[in-house]
Each structure stands twice: as structure tokens, then as C-alpha cells.
Amino acid sequence: MEEGLLRQRRNLMITCAILWIMKSGEVEFSKISFAGFDVTFKDPNALTLSMWITFAYFLCRYYQYFLNEGISKLEHIFRDSFNQKCESRIRQLVEERYPQNTEKHLYNYGFLKNNHWIYKGGIQHPYDPSLSESKFEQFEIAISRWKLWKGILSAIMDSIFRNSVVTDYLLPFILADFILYYCGKNDWNGSFLHLIMP
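Because the structure is predicted, anything quoted here is derived from the model rather than measured.

Glancing now at the overall build of the protein. Within the protein, the secondary structure is distributed over six helices and four strands. When the helices and strands of the protein are placed in sequence order, the string is α-β-β-α-α-β-β-α-α-α. Burial analysis of the protein (198 residues in total) assigns 33% to the buried set. Within the protein, contacts between residues separated by at least 24 positions form 62% of all contacts whose residues are at least 6 apart in sequence. Per element, the accessible surface of the protein, about 13000 Å² overall, is 58% carbon and sulfur.

If you want it as C-alpha cells, here you go:
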């Protein structure tokens, strides 16, 4: 994870934690000490509003950095996992019908998906002296995603629970969604709904 994304992730998660503490701890601000001076708030909601503005800013910044780095990392992890977990099932489905298939390098989830779930293989027949050539026969098999559901499910679970990339990049979004739900409800005076529409 690059430094810029790591910084935005940290800022967003700290802001989420502060908002959660403010609501769950029923924190109310009337004055704060700043550089040895007591600052009294005529409108205590000003600080809560500034926290929501900070939250929105860091969420937007994290999203921008995530688009540049996080999506490609997640795609790479999931693609590798899908290929690994589905290869044996694709091989089984193809070789049940065409055991002489010579295109064995195509037992790949990514190739299958890019070919619209059609496996395209071939059989190299032995050399025929009467034809002075060896015959190559091509074939196609439709393989539905439903036939690969065990591999797909295993790949998703493996990517989520055995790899840190998902928690590194998606956890801040999950936490931000929770804060919007938990701290945004009408039962708290610091909710952005109260601050926007008093």
C-alpha cells in the first residue's frame, strides 16, 4: 500500500472512530482548551459539523486514492484465486467430453470468462501418412458459471479471509458505511441530518 493511500486510510478511520465515540459516549462540546486558551462555543454543533465535513473530505480522498491503487490490487488477488480454484473443475468438465484435448493451458477461469463462458479447445490427431499431415480438430464447450460455483465460492472466501488486501482496501469503506448508518440516524443531535436540516 502506497504512502498516500495509507495516509488517507488512516485519516478516514480516525475520523470514523471520533464520530463513533462522540455518539456512543454522548459527548457534548461547550468549550475546548487550545494552546492554553479556553475556547467557548456559542453553537456546540459547529464542532460536530466540522467533523462531518472532515469525514466527507477524507472519504472522498480515500476513494480517489483507492481508484488508482486499490482496484487493480483487488482484481489481481481475485483473478489469481478464481484461476487457481476453478482450474481443476474446468479441466474435469472438458476432459469428460474430450480427453484428448491438447489445449490444456486454457483451463483458466479468466480465458473462459473472456470467451463468454465458451471453452475453445482442440485435438491434435496422429500423423496420417495418406494425407501427409496431422489433423487438428477444434471444439467448443459451453461451461456455465453455475458449474463452477464451488470454485468461485472458495475463491471469494479465500480472497476475503486469507488475504490482507481485502481488509486493507475495503475495511475503510465498510467502517464509513457503518458510521453513516450509526451516527447519521435521527436519534443523535450530532447526526448530519439534524445539522443540515435543523
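Below, the discussion takes up the packing of aromatic side chains. The tally for this structure, following the rule as stated, stands at 14 aromatic pairs. Three or more aromatic residues link up through ring pairs in this structure, and these residues are Tyr62, Tyr63, Phe66, Tyr169 and Phe173. Positioned above the aromatic ring of tyrosine 182, the side-chain terminus of lysine 23 is 4.2 Å from the ring centre.

Calculation notes
- Residues numbered from 1 in each chain as written.
- Predicted model: local features only at pLDDT ≥ 70, side-chain atom pairs only at ≥ 80, totals over all residues.
- Heavy atoms only, no water.
- Helix = DSSP H or I, 4+ residues; strand = E, 2+ residues; numbered from the N terminus.
- Buried < 20%, exposed > 50% of the residue type's maximum accessible area, 1.4 Å probe, protein only.
- Contact = heavy atoms within 4.5 Å.
- Areas by Shrake-Rupley, 256 points an atom, 1.4 Å probe, with all protein chains shown as cover.
- Phe/Tyr/Trp six-rings, centres within 6.5 Å; stacked < 30°, edge-to-face > 60°.
- Lys NZ or Arg CZ within 6 Å of the ring centre and 35° of its normal.

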